[in-house]
Structures are given as structure tokens and as C-alpha cells.
Amino acid sequence: MRAAMAAAEVGDDVYGDDPTVNRLQAVAAERFGFERALFFVTGTQSNLSALMAHCARGDEYLVGQDAHTYKYEQGGAAVLGSIQPQPLENEPDGTITLGRIARAIKPQDVHFAKTRLLTLENTIHGSVLPLDYQREATEFAHEHSLATHLDGARVFNAIIKLEVAEREAVAGFDSVSVCLSKGLGAPAGTLLLGSKDFIAVAHRWRKALGGGLRQAGVLAAAGLYALKHHVARLAEDHANAELLAAGLRNSGVQVEPVQTNIVFAAIPARHVNGLQQHLAQRGILASIGERTRLVTHLDVSRQGVQEIVQAFGEYFDRAS
Ligand SMILES: *Cc1c(COP(=O)(O)O)cnc(C)c1O
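Residues take numbers from 1 onward in each chain, read along the sequence in its written order. Local features in a predicted model are, by the rule used here, given only for residues with pLDDT of at least 70; side-chain atom pairs are given and counted only at 80 or more, and totals for whole chains, interfaces and linings are based on all residues. Excluded from the side-chain calculation are hydrogens and water; included are all heavy atoms of the structure.

Colleague: So what exactly am I meant to see when it comes to the overall build of the protein here?
Modeller: For the purposes of this entry, the term helix denotes a DSSP run of H or I that reaches at least four residues, the term strand denotes a run of E that reaches at least two, and both are numbered from the N terminus. For the protein, the helix and strand inventory stands at 14 helices and 10 strands. Throughout, the radius of gyration refers to the C-alpha atoms, and the reference size of a globule is 2.2 Å times the residue count to the power 0.38. Computed over the C-alpha atoms, the radius of gyration of the protein is 21 Å, within 12% of the 20 Å expected from 2.2 N^0.38 for a compact globule of 320 residues. On the principal axes, the C-alpha backbone points of the protein span a range of 60 × 55 × 35 Å. Using a 1.4 Å probe on the protein chains alone, a residue whose accessible area is under 20% of its type maximum counts as buried, one over 50% counts as exposed, and one in between counts as partly exposed. Counting across all 320 residues of the protein, residues that qualify as buried make up 52%.

This is how it looks when you write it as C-alpha cells:
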């Protein structure tokens, strides 16, 4: 990846002249079945530009209470976009029931914000949204004149888990945001996918949000490398997450069922600090909490997982 970055042909992307950025955008648009793709440095900026392209000032988007675009982006849509969030409770599997969506759509009345958009997330906290649900929810939204956005930062994990084509995994959405860093291992980069007209509006917002880049081809080259070499291997991360979960359960730790690369482990409050210190002494940095989240990725080997399991085991052997 570093070699590909060093060798990247570049130009000024503010003028749309960076050949490597253009190639990445074309490849992604083709693979996901959209007219256009647009490169961003982060998912937060991509999601916000998408929300601002779908919604005007005073409009509203429906979003899961646990969704990244609501809970983990500092309320950017409200703060910077003047868009009202209408958070809705997520079911344990990450879906939002159609009944709940229906009840949240505001009538056209001077009292209410205009409900414009439904935003879903896949995977959400490591859970894969069923494709049937995505189809029903996006059809339902469109029947009610709402646009649909998918925060697909981790959608490649869903694609690998479900063994479906990229196009199939995002069918029904008007726009999708896909992360190239995190699991795919690029140092930075997110792609926003949509129609030609939608991307033109998002492109304007990207510039306003400080996201106009010049010789961004060095980053795009990393993204192209990641799309080529780091997608199929996500299956290894999923297998490692299973291994981690099984190992922790063996040590008596309660672990939630694992679907992709995210493991949630219940750590009794009285063990939170002790476990964190024990791990740190073994060179394992983890944010331990009562619901500890452990994520596997391409820099975590099977051997590394075994060491982590061993360290948890030692701690709980001694503690019990
Ligand atoms: C990480 C993440 C984002 C934000 O991406 P950044 O590149 O960190 O801004 C958005 N959505 C989901 C689901 C994420 O996991």
C-alpha cells in the first residue's frame, strides 16, 4: 500500500484533475452500481455532506438512536447542517421497525419539520442488517417520499458475511457512505456514492466543510489498493473475532453473539480497572468497560488474538 501511494499519479482534485482520485471514484461507483462516487477524508464528513445534500435547513432525518450519524458525530447534522434529527429506537438487531418509522414521519403542517430522509447503518455495531429488511425499509421510505442514506462505513463486513455482490448489499439506497480506513486498512478515506446530481450537491458541501483536497491521489492510491487486496480478507477478521469470542467464553467471560469483526464482552464493574491494567502490563491496550468492545482488523493476527485470550484467561484465573 505504501509503495502504491508513493507511485500514485496525482493532480489537483479541487479541479477534478487528480487521475488516481478519479480512478478510485470510477471503480467504486461501478462496483456499487451508482452513477458517481466522491472521495472524502473521513466518514463523518461524507455522512454530513450526504445529510446536507438530502436535507435543507429545517428538514428532518430519521435515524437510529444508536447510529453513528446521530450519536457519534457530535450532532453535526444539527450543529452545522441545521437539520433536525429524529432519533428512533433500534431493535437489538440494529433495524428500526417500519411501524416506528411510519409514526415518526411528520404530517405536512406548519408545526412540523419536513421529514426528508431515512438513514440506516450496516453493519451497525457489528450486526448485519438483513437484506430483506433493507429492501422493505427503503421501499417504505420511498413510498412516503423520503430519500434513503446508508452509513455503510462497515458495509464490506456485511458483504463478506452475506457473500453478496456489492450492488446487492446497497440496493434501494439513494446514497451510501463506505469507509476505506478502519477494516480496509487505508490511512484515510471514505467514498460517498449517489446519482450524478446528488454528488454534485455533496461536492459543494464537501468544499464548504473544508474537504477540498489537492494532490489526494496519494490517499486514493491507498483506497484502490485496499479495494483490491483487503476486501476478501475481511473473512479472516470475522474468523478471528469468533476465535476471540470463543476464547473469552472459555475464560468465563460473557460474550454477545458475534456476526462480523466486533466482539462485545461483559466485564463485571469490579474487574474493569484490574483487567485493563493486567492487559496493559502485557502490552495490550484496550478500553475496558462493563460492555467492552473489541474489534479485529488486518493488523490483528490470529496469534495476537491467542495472546489476548491468554491474557484474559490469566486475569480471570487469578481473580476467581
Ligand atoms: C467510523 C464510523 C464512521 C465515521 O468515520 P470517520 O472516518 O471516523 O469519520 C461513520 N459511521 C460508522 C458506522 C463508523 O463506524
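Colleague: Just checking my understanding: could you explain unusual backbone geometry for this structure?
Modeller: Note on backbone geometry: most residues besides glycine have negative phi, and most peptide bonds are trans. Of note, the amide linkage connecting N122 to T123 takes the cis form, showing an omega dihedral of -5°. Relative to the assigned elements, T123 resides in the loop between strand 4 (114-121) and helix 7 (131-143). For Q74, which is not glycine, the phi torsion reads 55° and is therefore positive. In this fold, Q74 is placed in the loop between helix 4 (68-71) and helix 5 (76-81).

Colleague: Any chance you could explain the domain arrangement of the protein here in plain terms?
Modeller: The accessible area lost on association of the parts is a frequent measure of interface size. A domain assignment, automatic or from a database, supplies the domain bounds used here. For the protein, the assigned domains are domain 1 (2-229) and domain 2 (234-319). A C-alpha centroid distance of 30 Å is found between domain 1 and domain 2. The interface is formed by 14 residues belonging to domain 1 together with 12 residues belonging to domain 2. Carbon and sulfur atoms supply 56% of the area buried between domain 1 and domain 2, which totals about 1100 Å² over both sides. A pair is scored as a salt bridge if a Lys or Arg side-chain nitrogen falls within 4 Å of a carboxyl oxygen belonging to Asp or Glu. In this structure, the connection of domain 1 to domain 2 is made through zero salt bridges. Definition of a polar contact: a pair of N or O atoms within 3.5 Å, with one able to donate and the other able to accept a hydrogen when the atoms are protein atoms, and with sequence-neighbouring residues admitted only if both atoms are side-chain atoms. Run the count over domain 1 and domain 2 and you get four residue pairs in polar contact (both at pLDDT 80 or more). The contact criterion used is simple: two residues touch if any of their non-hydrogen atoms lie within 4.5 Å. The quantity reported as buried area is the accessible area (1.4 Å probe) lost by two parts once they are put together, taken as the sum for both.

Colleague: In this structure, what is going on with the site of the ligand? I would like to understand it.
Modeller: Summary of the distance rule: residues count as near a molecule or strand when at least one heavy atom falls within 4 Å of that molecule or strand. Inspection of the region around the ligand gives T42, G43, T44, N47, H68, E73, E121, D151, A153, R154 and K182 as its neighbouring residues. A distance of 2.8 Å separates an oxygen atom of the ligand from a polar atom in the backbone of G43. Measuring from a nitrogen atom of the ligand, one finds a side-chain N or O atom of D151 at 2.6 Å. In isolation the ligand exposes 380 Å². Once the protein is present, 84% of that is buried. For the shell around the ligand, the element with the most residues is helix 3 (residues 43-54), which contributes three residues. In the scheme used here, Gly and all other residues not listed as nonpolar or charged are polar, with Ala, Val, Leu, Ile, Met, Phe, Trp, Tyr, Cys and Pro taken as nonpolar and Asp, Glu, Lys and Arg as charged. When its residues are assigned to classes, the shell around the ligand shows one nonpolar, five polar and five charged. Surface accessibility follows the Shrake-Rupley procedure with a 1.4 Å probe radius. Residue values consider only the protein chains on display as shielding.

Colleague: Could you clarify how one ought to interpret helix 14 (residues 302-319) in this entry?
Modeller: Since the α-helix packs 3.6 residues into each turn, any two residues three or four apart lie on the same face. Multiplying 1.5 Å by the helix residue count minus one yields the expected span of that helix. Over its 18 residues, helix 14 extends 26 Å from the first C-alpha to the last, a length consistent with the 26 Å expected when each residue adds 1.5 Å. For helix 14, the full list of buried residues reads G304, V305, I308, V309, A311, F312, G313, Y315 and F316. Those residues of helix 14 that are buried lie in contact with helix 12 (234-250), helix 13 (272-281) and strand 10 (291-295).

Colleague: What is the right way to look at the environment of I199 in this model?
Modeller: Among the structural elements, I199 can be located in helix 10 (residues 196-208). C-alpha separation for the pair I199 and I83, spaced 116 residues apart in sequence, amounts to 19 Å.

Colleague: Sorry if this is basic, but what is going on with the sheet that holds strand 3 (residues 84-88) here?
Modeller: Sheets are built from strands that pair by backbone hydrogen bonding, the pairs being arranged parallel or antiparallel. Across the sheet, seven strands lie side by side as 1-7-6-5-4-2-3; this open sheet has mixed pairing. Each edge of the open sheet is held by one strand with a lone partner, namely strand 1 (36-40) and strand 3. Pairwise comparison of adjacent strand axes, ignoring direction, gives a mean angle of 20° for this sheet. Looking at chain direction, strand 1 and strand 7 (residues 190-194) are connected through five bridges and run antiparallel. Pairing of R36 across the sheet is with G194, part of strand 7. We call two strands paired when DSSP finds no fewer than two bridges between them. To get an axis, fit a line to the C-alpha atoms, keeping to the stretch in contact for a helix; angles then go from 0 to 180 degrees between the N-to-C directions.

Colleague: Got a minute to help me understand the packing of aromatic side chains in this structure?
Modeller: What characterises a pair of aromatic rings is the spacing of the ring centres plus the angle enclosed by the ring planes. For Phe, Tyr and Trp, where Trp contributes only its six-membered ring, two rings pair if their centres lie within 6.5 Å, and the inter-plane angle classes them as stacked under 30 degrees, edge-to-face over 60, or tilted in between. One pass over the full model with this rule turns up two aromatic pairs. Centre to centre, the rings of F32 and F156 are 5.5 Å apart; their planes meet at 70°, and the pair counts as edge-to-face. Placement of the pair is F32 in helix 2 (residues 19-32) and F156 in helix 8 (residues 155-162), with a sequence separation of 124 residues. Comparing F32 with F156, the two get one shared label, buried. Measuring from ring centre to ring centre gives 5.1 Å for Y315 and F316, while their planes differ by 90°; the resulting arrangement is edge-to-face.

Colleague: What's the story with the pairing of strand 6 (residues 175-179) in this structure? I'm lost.
Modeller: Note on strand geometry: in a regular strand, side chains alternate between the two faces of the sheet. The buried count for strand 6 comes to five of five residues, which makes it a mostly enclosed element. Where burial is concerned, the two faces of strand 6 agree: the one with S175, S177 and C179 and the one with V176 and V178 are both buried. For strand 5 (residues 147-152) and strand 6, the ladder comprises four bridges, and the chain directions are parallel. What sits directly across from D151, in strand 6, is S177.

Colleague: Mind showing me how you'd approach the packing of helix 12 against helix 14 here?
Modeller: At their nearest, the axes of helix 12 and helix 14 sit 9 Å apart, and the two run at 15° to each other. One finds that helix 12 runs roughly parallel with respect to helix 14. Read as a crossing pair, helix 12 and helix 14 show a hand that is right-handed. Mapping the contact onto sequence places N240, L243, L244, G247 and L248 in helix 12 and R302, V305, Q306, I308, V309 and F312 in helix 14. Residue composition of the contact of helix 12 with helix 14, by class: seven nonpolar, three polar and one charged. Roughly parallel means an angle under 35 degrees; roughly antiparallel means over 145; roughly perpendicular covers 65 to 115; every other angle is labelled oblique. For any pair of crossing helices, the crossing counts as left-handed if the nearer helix is rotated counterclockwise from the farther one by less than a right angle, and right-handed if it is rotated clockwise.

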